[in-house]
Amino acid sequence: ATRCIVPGERRPWRRRHCFQGVCRTLCCTTTIKVTNTPALTIITPTPTPTNQPSSQPPPEYPYHDAMTEDPPRRGVVMQHQVSWSVPFPDYAPVDYTAPFVLTAEWADPAEYAFINFNEAGRETYFPPLKLNDLNCPINPFGRTGMTGRGTLGKWGVNHAVDPIVTRWKRNAQGDIVYRDNKKVLEFVAIRRRQGLHEWAIPGGFVEKGQTLSQTLKREFMEEAMREEGMSEEERRHAGEMVDELFENGELVKNAYCRDPRNTDNAWIETQAWHFHDDSGLGVGKFRLQAGDDAINVKWRMVHRYQTLFASHVDFISLVAHKMDAFW
């Protein structure tokens, strides 16, 4: 039988002492202390990360490209300090708006005092929108460690859309694949060119003067079905398929995006929409091509262990459960 030996002891422990030490470790402590003997430290493994994003903001602004040279580090905000309802007298956010935002035609002016934040197109999905004494919007979901707009164009809500396009996964014979007696879904995913190159749902911001439907189709075509290299006939056919698919979408969720670009005064809210090609003979068979904002695009299997950008895994989960698909 194996015996426990404590360094420095001439005589081995008896099995009873070993058993008692193990029991004490499992019950209440990470250190076994024995009289007149060195302490034996039990190393606890690091927990496996989950796909549930933390509400704690990232330590520094995420992008390191030519548009955001030397981005500043955010003020430190622990997870329990994110909520505005928690007193935080030493809160010291850094103020930052990227230089390119200050000169962009599509962005708000630097002065926000005269902006009507209740006009159409600026409304939040989580009313009422709160303003500080200077008429500056306040992020309803808490502190981020940064004031200003960062790389976001609008003060307050920046509206986005995320089209979730799915099909059933099929084998070489064309039969639907099952796991745990449930059909397996696939969705169109892009790998983002910016930031940490995470996989994500295609999507983008709603531009002024565009309808929600127009934005959904535009973003999907730009990021997942780039027309470069297509013939005129292929372009026409692709457009027709996307138009047909996007006629029957279903709203998945109005959501606050847990996005690394959010600040205390500018944040992203999105509408996630689901479009399903049940037969797989429409968009499901079309050749995907990554657009300028992506470095890759492909059909990815839907499952619970994938890691996606921002809140996207939450949206995929909702779709999988709605479709009673494998998760």
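See the structure above.
Residues numbered from 1 in each chain as written. Predicted model: local features only at pLDDT ≥ 70, side-chain atom pairs only at ≥ 80, totals over all residues. Heavy atoms only, no water.

A.B. asks: Could you give an account of the overall build of the protein, with specific residues and numbers?
C.D. replies: When you go through the protein residue by residue, the secondary structure sums to five helices and 13 strands. Expressed as a percentage of its 327 residues, the buried residues of the protein come to 44%. Counting contacts in the protein only where the partners sit at least 6 residues apart, residues at least 24 apart contribute 68% of the total. Accessible surface, the protein: about 19100 Å² in total, of which carbon and sulfur atoms supply 52%. (Helix = DSSP H or I, 4+ residues; strand = E, 2+ residues; numbered from the N terminus. Buried < 20%, exposed > 50% of the residue type's maximum accessible area, 1.4 Å probe, protein only. Contact = heavy atoms within 4.5 Å. Areas by Shrake-Rupley, 256 points an atom, 1.4 Å probe, with all protein chains shown as cover.)

A.B. asks: Tell me about the nonpolar core, and please be specific about residues and values.
C.D. replies: One finds Val165, Val188, Phe220, Met225, Phe246 and Val283 to be the most contacted residues of the largest nonpolar core, which totals 27 residues. Mapped by element, the contributors of at least two residues to this core are strand S5 (156–168), strand S8 (185–192), helix H3 (212–224), helix H4 (232–245), strand S12 (266–277) and strand S13 (294–301). Other than its neighbours up to four places away in sequence, Phe246 contacts Pro163, Val165, Leu216, Lys217, Phe220 and Phe275. Formed by 18 residues, the second largest nonpolar core is a distinct cluster that contains Ala255, Phe315, Ala325 and Trp327. (Core = buried A, V, L, I, M, F, W, Y, C linked by side-chain atoms within 4.5 Å.)

A.B. asks: Talk me through the pattern of salt bridges; I want residue IDs and the actual numbers.
C.D. replies: Two side chains of opposite charge can pair, provided their charged atoms sit close to one another. As enumerated under the stated definition, the model contains 14 salt bridges in all. Measuring nitrogen to oxygen at the nearest pair gives 3.6 Å for the salt bridge that ties Glu232 to Arg235. On the criterion of helical spacing, the pair formed by Glu232 and Arg235 is a turn pair, its members being three residues apart in helix H4. The exposure class assigned to Glu232 is exposed, which follows from its relative accessible area of 62%. A residue is classified by how much of its surface remains accessible, and Arg235, at 29% relative accessible area, is partly exposed. Close ionic contact of Glu233 with Arg236 constitutes a salt bridge, the shortest N to O distance being 2.4 Å. (Salt bridge = Lys/Arg side-chain N within 4 Å of Asp/Glu carboxyl O.)

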